[in-house]
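Each chain is listed here by its residues.
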Amino acid sequence: MTPSESEKLRLEHQAAKLFMRWYEKNTGEAIRHIWHNQPQKPDVSCFLQGEKLDLEIAHLYGSDTEAMKILARELDDKTLEELRNLEQTDIATRLLQALNRILANKAEKTYNSQRAWLVIRNMNPSWHRDDIEQLVHRIEVPGVHPFEQIWIVADREGQSGIVQLYP
């Protein structure tokens, strides 16, 4: 396994754990025992109230350039210039565009799953739970997608909880 694959699995595992902890706290429904899956299935599986549930995990950065900064990658001059340009754009507009892009991309995929939820983890420190909640009514969930429910972990560390985006 390459270092980037290992990091991806670690981030997915963290996101699933944060989501499951908040979901259980908010609903009182037991959600347990995660394990990773192979391609064609959502990233992680668990048991919700004793029944199998698959979780597809996505991370919300804003852009590839922002992801490089947030993940502490070495940034060249071109990337630094792109970041400066992004900072000129309205935060709410960038958040809405990034969320809608993830939803559109994930809606096109198919999974070998009886029951799948999408869990998006916000990794961008510029965006907060309040920002997400203010945009929920403007998020464009495609009419056809493979997810029973769509949630977002509102911040990287999971301090501010989760927000349901669909239904």
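Structure report, in brief. In this text, all values refer to a predicted model and were calculated from it rather than measured experimentally. (Residues numbered from 1 in each chain as written. Predicted model: local features only at pLDDT ≥ 70, side-chain atom pairs only at ≥ 80, totals over all residues. Heavy atoms only, no water.)

## Side note on the overall build of the chain
Consideration 1: Looking only at helices and strands, the chain features 5 helices and 6 strands.
Consideration 2: Along the chain direction, N to C, the helices and strands of the chain fall in the order α-β-β-β-α-α-α-β-α-β-β.
Consideration 3: Residue burial in the chain is summarised as follows: out of 167 residues, 44% are buried.
Consideration 4: Long-range pairs, those at least 24 residues apart, make up 62% of the contacts in the chain between residues at least 6 apart in sequence.
Consideration 5: If you sum the accessible surface of the chain, you get close to 9400 Å²; carbon and sulfur atoms cover 48% of it. (Helix = DSSP H or I, 4+ residues; strand = E, 2+ residues; numbered from the N terminus. Buried < 20%, exposed > 50% of the residue type's maximum accessible area, 1.4 Å probe, protein only. Contact = heavy atoms within 4.5 Å. Areas by Shrake-Rupley, 256 points an atom, 1.4 Å probe, with all protein chains shown as cover.)

## Some remarks on the environment of His 33
Consideration 1: As for its position among the elements, His 33 is in strand E1 (residues 31–36).
Consideration 2: Taking the C-alpha atoms as reference points, His 33 and Ser 45, 12 residues apart in sequence, are found 7.9 Å from one another.
Consideration 3: Sequence-distant contacts of His 33, defined by excluding residues within four places in its chain, comprise Met 20, Ser 45, Cys 46 and Phe 47.

## Describing the pattern of salt bridges
Consideration 1: With the rule as written, the count across this model stands at 8 salt bridges.
Consideration 2: Where Arg 10 meets Glu 7, a salt bridge forms, and the shortest distance between an N and an O atom there is 3.9 Å. A residue pair is termed a helical-turn pair when its members lie 3 or 4 positions apart in one helix, as Arg 10 and Glu 7 do in helix H1 (residues 3–27) at 3 residues.
Consideration 3: Residue Arg 10 is classed as partly exposed on the basis of its relative accessible area, which comes to 42%.
Consideration 4: We classify Glu 7 as buried; its relative accessible area is 19%.
Consideration 5: Taking the shortest distance from any N to any O, the salt bridge between Lys 8 and Asp 43 comes out at 4.0 Å. In this pair, Lys 8 sits in helix H1 while Asp 43 sits in the loop between E1 and strand E2 (44–48), placing the two residues 35 residues apart along the sequence.
Consideration 6: You can call Lys 8 partly exposed: its relative accessible area is 47%.
Consideration 7: Each of Lys 8, Glu 12 and Asp 43 takes part in a single network of salt bridges with overlapping partners. (Salt bridge = Lys/Arg side-chain N within 4 Å of Asp/Glu carboxyl O.)

## Observations regarding the sheet that holds E1
Consideration 1: Taken in spatial order, the 6 strands of this open sheet run E1-E2-E3-E4-E5-E6, and their pairing is mixed. Pairing within the sheet leaves two strands with one partner each, and these edge strands are E1 and strand E6 (162–166). If you compare each strand with its neighbour and ignore which way they point, the axes differ by 30 degrees on average.
Consideration 2: Relative to strand E3 (residues 51–60), E2 runs antiparallel, the two being bridged by 5 bridges. Considered in E3, the bridge of Ser 45 is made with Asp 54. (Pairing = 2+ DSSP bridges. Axes fitted to C-alpha atoms, helices over the stretch in contact; angles between N-to-C directions.)

## Focus: the environment of Gly 62
Consideration 1: Along the chain, the position of Gly 62 falls in the loop between E3 and helix H2 (64–70).
Consideration 2: The sequence separation of Gly 62 and Ala 98 amounts to 36 residues, and the corresponding C-alpha distance is 5.2 Å.

## Focus on the environment of Leu 55
Consideration 1: You can see Leu 55 is positioned in strand E3.
Consideration 2: Each C-alpha atom of the pair Leu 55 and Ala 116 lies 5.6 Å from the other, and the pair is 61 residues apart in sequence.
Consideration 3: Among residues more than four places away in sequence, those in contact with Leu 55 are Ala 16, Phe 19, Met 20, Pro 42, Asp 43, Val 44, Cys 46, Trp 117 and Val 119.

## A closer look at the side chain of Asp 155
Consideration 1: By the secondary structure assignment, Asp 155 is in the loop between strand E5 (149–153) and E6.
Consideration 2: It is Arg 129 that comes nearest to the buried, bridge-free Asp 155 among opposite-charge side chains, at 7.2 Å.
Consideration 3: At 2.9 Å, the side chain of Asp 155 and the backbone nitrogen of Gly 158 are in polar contact.
Consideration 4: A distance of 2.9 Å separates a polar atom in the side chain of Asp 155 from the backbone nitrogen of Gln 159.
Consideration 5: Beyond its immediate sequence surroundings of up to four residues, Asp 155 is in contact with Arg 121, Asn 122, Ser 160 and Gly 161. (Lys, Arg positive; Asp, Glu negative; His and termini not counted. Polar contact = N/O pair within 3.5 Å; in protein donor to acceptor, adjacent residues only side chain to side chain.)

From the geometry alone we can't say anything about function, so treat these as descriptive.
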